[in-house]
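Secondary and tertiary structure notes
Each chain is listed here by its residues.
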Amino acid sequence: MVKVCPSCGRTEREVPFIGFFCRDCYLRDHQLVEVPKLRLKRCPLCGRAYFSGRWEDFSLDRLRDWLVDHIKVREMQGVQIGVSFPEVDEDLIRYRAIVRGTVEGTPVEIPLEGEIPVEKVLCPRCGRATGGYFQAIIQVRGADVEEHAEEIARLVEREGGEYAFVSRVEFTKDGIDLYIGSKKVADKVARKIERRYGIKAIRSHRLITEIQGKRVYRLTVSLRFPPKD
Ligand SMILES: [Zn+2]
Ligand SMILES: [Zn+2]
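So, here's what we can say about the structure.

The rules behind the values
- Residues numbered from 1 in each chain as written.
- Chains lettered and ligands numbered in written order.
- Predicted model: local features only at pLDDT ≥ 70, side-chain atom pairs only at ≥ 80, totals over all residues.
- Heavy atoms only, no water.
- Donors = N, O, S within 2.8 Å, 3.2 Å for Na, K, Ca; no water.
- Tetrahedral: all angles 85-135°; square planar, octahedral: opposite > 155°, others 65-115°.
- Helix = DSSP H or I, 4+ residues; strand = E, 2+ residues; numbered from the N terminus.
- Buried < 20%, exposed > 50% of the residue type's maximum accessible area, 1.4 Å probe, protein only.
- Phe/Tyr/Trp six-rings, centres within 6.5 Å; stacked < 30°, edge-to-face > 60°.
- Lys NZ or Arg CZ within 6 Å of the ring centre and 35° of its normal.
- Pairing = 2+ DSSP bridges.
- Salt bridge = Lys/Arg side-chain N within 4 Å of Asp/Glu carboxyl O.
- Axes fitted to C-alpha atoms, helices over the stretch in contact; angles between N-to-C directions.
- Contact = heavy atoms within 4.5 Å.

Side note on the coordination of the zinc ion (ligand 2)
Bound to the zinc ion (ligand 2) are the protein donor atoms Cys43 (SG), Cys46 (SG), Cys123 (SG) and Cys126 (SG), situated 2.3 to 2.4 Å from the metal. Coordination at the zinc ion (ligand 2) comes from four donor atoms whose angles at the metal span 104 to 113°, giving a geometry best classed as tetrahedral. Between consecutive donor residues of the zinc ion (ligand 2), the sequence gaps follow C-x2-C-x76-C-x2-C. On the criterion of sequence distance, the pair formed by cysteine 46 in the loop between β4 (40–42) and β5 (49–51) and cysteine 126 in helix α3 (residues 124–130) is long-range, its members being 80 residues apart.

As structure tokens, then:
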């Protein structure tokens, strides 16, 4: 007995079948792939994006994984998903995807395309940084303060994490003060500088407040650079 598709009348000699129906009619009546409406939050200052519950560096690979995580596939076996992004703009991302697999042994290929609106949202780190938040001050003193302040700022940012930022740069008559989001980061960077230049930092802690019985200290680290010879 040759199967005949009850919907379009073609036979299994002409087209592959899934169950009683030809593949085309089966796929028309069964939604095997679904993508929910997606939006992506991206920070206009640092470019990071809010993927699956946290802020992460943005890359097309990460975007691809995030999109694939949201594609829901039913009934198919051996699913493989290929994704491309014909357009990645500040406020809109366009994607194309092909979902391949088999249903009851019959190969199936489902093309998808869609748009992901991009919402500009300041990430918490940039929010704190632009809001002037700081836990520590690194005082850059001695010779070539501008050069060293830039070097320190780069080291701070390289530490990564939600508090690794310089929220304010202040030129004083003694040198440059860098306001740093994290005491830990400031201390770590100061130790790197101490090793790199063979100098000793002066650290001081000042009690600024008490939160629920816990004392909160601000750290000040003073680094004095010797003149280059
Ligand atoms: Zn059919
Ligand atoms: Zn940001």
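Quick notes on the coordination of the zinc ion (ligand 1)
At the metal site, the zinc ion (ligand 1) is ligated by Cys5 (SG), Cys8 (SG), Cys22 (SG) and Cys25 (SG), and these contacts range over 2.3 Å. Classification of the site at the zinc ion (ligand 1) rests on its four donor atoms, whose angles at the metal span 101 to 116°, yielding the label tetrahedral. Along the chain, the residues donating to the zinc ion (ligand 1) are arranged with the sequence spacing C-x2-C-x13-C-x2-C. On the criterion of sequence distance, the pair formed by cysteine 8 in the segment before β1 (17–18) and cysteine 22 in strand β2 (residues 21–22) is long-range, its members being 14 residues apart. Owing to a relative accessible area of 36%, cysteine 8 belongs among the partly exposed residues under this scheme.

Notes on the packing of aromatic side chains
One pass over the structure, following the stated rule, counts seven aromatic pairs. Positioned over the ring face of tyrosine 163 is arginine 128, at 3.9 Å from the centre of the ring. Taking the ring centre of tyrosine 179 as reference, the NZ or CZ of arginine 168 above it sits at 4.2 Å.

Structural notes on the pairing of strand β10 (residues 106–120)
As paired elements, β4 and β10 share three bridges and run parallel to each other. Its bridge partner lying in β10, leucine 40 is registered against valine 118. Two elements, strand β9 (residues 92–103) and β10, share twelve bridges in a ladder whose sense is antiparallel. Among the inter-strand pairings, glycine 101 is bridged to a residue of β10, identified as valine 108. With antiparallel pairing between neighbouring strands as the criterion, β9 and β10 make up a hairpin whose turn holds two residues, including glutamate 104 at a positive phi of roughly 50°.

Some points on the pattern of salt bridges
In this structure the tally under the stated criterion is 26 salt bridges. With its nearest N and O atoms 3.2 Å apart, the salt bridge here joins lysine 120 to glutamate 90. Highlighted residues: lysine 120 in strand β10 and glutamate 90 in the loop between β8 (77–88) and β9, separated in sequence by 30 residues. Each member of the salt-bridge network shares a partner with another, and the members are Asp187, Arg191, Glu194, Lys200 and Arg203.

Description of the sheet that holds strand β13 (residues 175–180)
Pairing is mixed across the open sheet formed by five strands, whose spatial order is β12-β13-β11-β15-β14. The strands lining the two open edges of the sheet, one partner per strand, are β12 (166–171) and β14 (202–211). With direction set aside, neighbouring strand axes in the sheet form an average angle of 20°. As paired elements, β14 and strand β15 (residues 214–225) share nine bridges and run antiparallel to each other. Among the inter-strand pairings, histidine 205 is bridged to a residue of β15, identified as leucine 219. The sheet contacts of helix α4 (residues 145–159) involve β11 (136–142), β12, β13 and β15, and relative to β13 the element is tilted by about 10°. Its contacts with the sheet place helix α5 (residues 183–197) against β11, β13, β14 and β15, and it is angled at close to 25° to β15.

Fair warning: the whole summary comes from geometry, so function is off the table for now.
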